[in-house]
Amino acid sequence: MNDSILYIKRYVSPAGDMVLGSAQGRLCICDWSCSKRNSDNIRRAAEYYKARVVDGCDEVILSAAVQLDEYFSGCRCSFDIPLAPVGTDFQQTVWSVLSTIPYSSTVTYSDVASIAGRPRAVRAVASAIGANPLSIFVPCHRVVGVSGIGGYAGSVAAKLLLLELESSASVGKGEVKA
């Protein structure tokens, strides 16, 4: 019998409802409830970890919720939760690039493609960004289109809220530290 558990818990953020998920002591899901890929991300993580899905919390989810609360209150610009997004090698490469985008900064999809070593694969990079199962923790909201804000799994309104939060938070200006 498999004893592995994928804990799933709802998190209500100022930008919209989210789902947090953890397995084996690492956060593997921080996804928007409204996302079309939400159920796919949960299924993929459950399959990867060979885990049964349980509605509940563990220490990782509790810590993630606290750190998200701090982020949304403008008191945190980085996270120290162990992360384990489930995806292809290409997706992992793209998500690693996203993790290097500084707080309150933005880059374009083509910037991410170039940094990932695939400058001609902008559409594939955009698809990998859209599949990011760890929104906010892996900051895909910091990627914008050349001619506009671009899409976002949590909604364009949520993306705008996150970008505004980061541009106005005192933590990014050295006044408050996490």
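Definitions and limits used
Residues numbered from 1 in each chain as written. Predicted model: local features only at pLDDT ≥ 70, side-chain atom pairs only at ≥ 80, totals over all residues. Heavy atoms only, no water. Helix = DSSP H or I, 4+ residues; strand = E, 2+ residues; numbered from the N terminus. Buried < 20%, exposed > 50% of the residue type's maximum accessible area, 1.4 Å probe, protein only. 1 Å grid on protein atoms, 1.4 Å probe; cavity = no way out; pocket = protein on both sides within 12 Å on 5 of 7 lines; lining within 4 Å. Points joined across faces, edges and corners; volume = space filled by probe spheres on them. Nonpolar A, V, L, I, M, F, W, Y, C, P; charged D, E, K, R; others polar. Pairing = 2+ DSSP bridges. Axes fitted to C-alpha atoms, helices over the stretch in contact; angles between N-to-C directions. Contact = heavy atoms within 4.5 Å. Parallel < 35°, antiparallel > 145°, perpendicular 65-115°, else oblique. Phe/Tyr/Trp six-rings, centres within 6.5 Å; stacked < 30°, edge-to-face > 60°. Arc of directions from axis to C-beta.

The subject of this paragraph is the side chain of Asn38. Along the chain, Asn38 turns up in helix H1 (residues 38–49). For Asn38, a relative accessible area of 9% puts it in the buried group.

The next point concerns the layout of surface pockets. Taken as a whole, the largest pocket encloses approximately 340 Å³ of empty space. If you go around the largest pocket, you meet 18 residues; those closest to its centre are Arg37, Ala126, Ile129, Gly130 and Ala153. With four residues, helix H5 (residues 122–130) is the single largest residue contributor to the lining of the largest pocket. Taken together, the residues of the lining of the largest pocket sort by class into seven nonpolar, seven polar and four charged.

What follows is about the sheet that holds strand E2 (residues 16–23). One open sheet holds the four strands; their spatial order is E3-E2-E1-E4, and the pairing between them is mixed. The open sheet has two edge strands with one neighbour each: strand E3 (26–32) and strand E4 (52–55). Taking each pair of neighbouring strands and ignoring which way they run, the sheet shows an average axis angle of 25°. Summarising the sheet, strand E1 (residues 5–13) and E4 pair through four bridges and their orientation is parallel. Paired with Ile5 across the strands is Arg52, a residue of E4. Packing against the sheet, H1 makes contact with E1, E2, E3 and E4, and its axis sits at approximately 165° to E3.

One way to put it is that helix H3 (residues 89–98) packs onto H5 with a least axis distance of 9 Å and a crossing angle of 80°. In terms of axis orientation, H3 runs roughly perpendicular to H5. On the side of H3, the interface is formed by Phe90, Gln91, Val94, Trp95 and Leu98, while H5 contributes Ala124, Val125, Ala128 and Ile129. Residue composition of the contact of H3 with H5, by class: eight nonpolar, one polar and no charged.

We now examine the pairing of E3. Burial analysis of E3 places six of its seven residues in the buried class, the great majority of the element. When E2 meets E3, the two strands line up antiparallel, connected through six bridges. Note on E3: the bridge partner recorded for Ala23 is Arg26. Taken together, E2 and the strand that follows it, E3, pair antiparallel across an intervening segment of two residues, in which Gln24 is found at a positive phi of about 50°.

The next point concerns the packing of aromatic side chains. What characterises a pair of aromatic rings is the spacing of the ring centres plus the angle enclosed by the ring planes. All told, the structure shown has six aromatic pairs when counted by the stated rule. Where Trp32 meets Tyr152, the ring centres are 5.8 Å apart and the plane angle is 70°; that geometry is what we call edge-to-face. Here Tyr152 lies in the loop between strand E6 (143–144) and helix H6 (156–168) and Trp32 lies in strand E3, a separation of 120 residues in the sequence. The two residues Trp32 and Tyr152 agree in class, both being buried. Centre to centre, the rings of Tyr48 and Tyr49 are 5.0 Å apart; their planes meet at 85°, and the pair counts as edge-to-face. One aromatic cluster is present, formed by Tyr71, Phe72, Phe79, Tyr103 and Phe137 through successive ring pairs.

It helps to recall that an α-helix has 3.6 residues per turn; residues three or four apart then point in one direction. Val125, Ala128 and Ile129 are the residues of H5 that are buried. Around the axis of H5, the buried residues are gathered within 100° of arc, so they sit on the same side. If you follow the buried residues of H5, they end up packed against H3, helix H4 (109–115) and E6.

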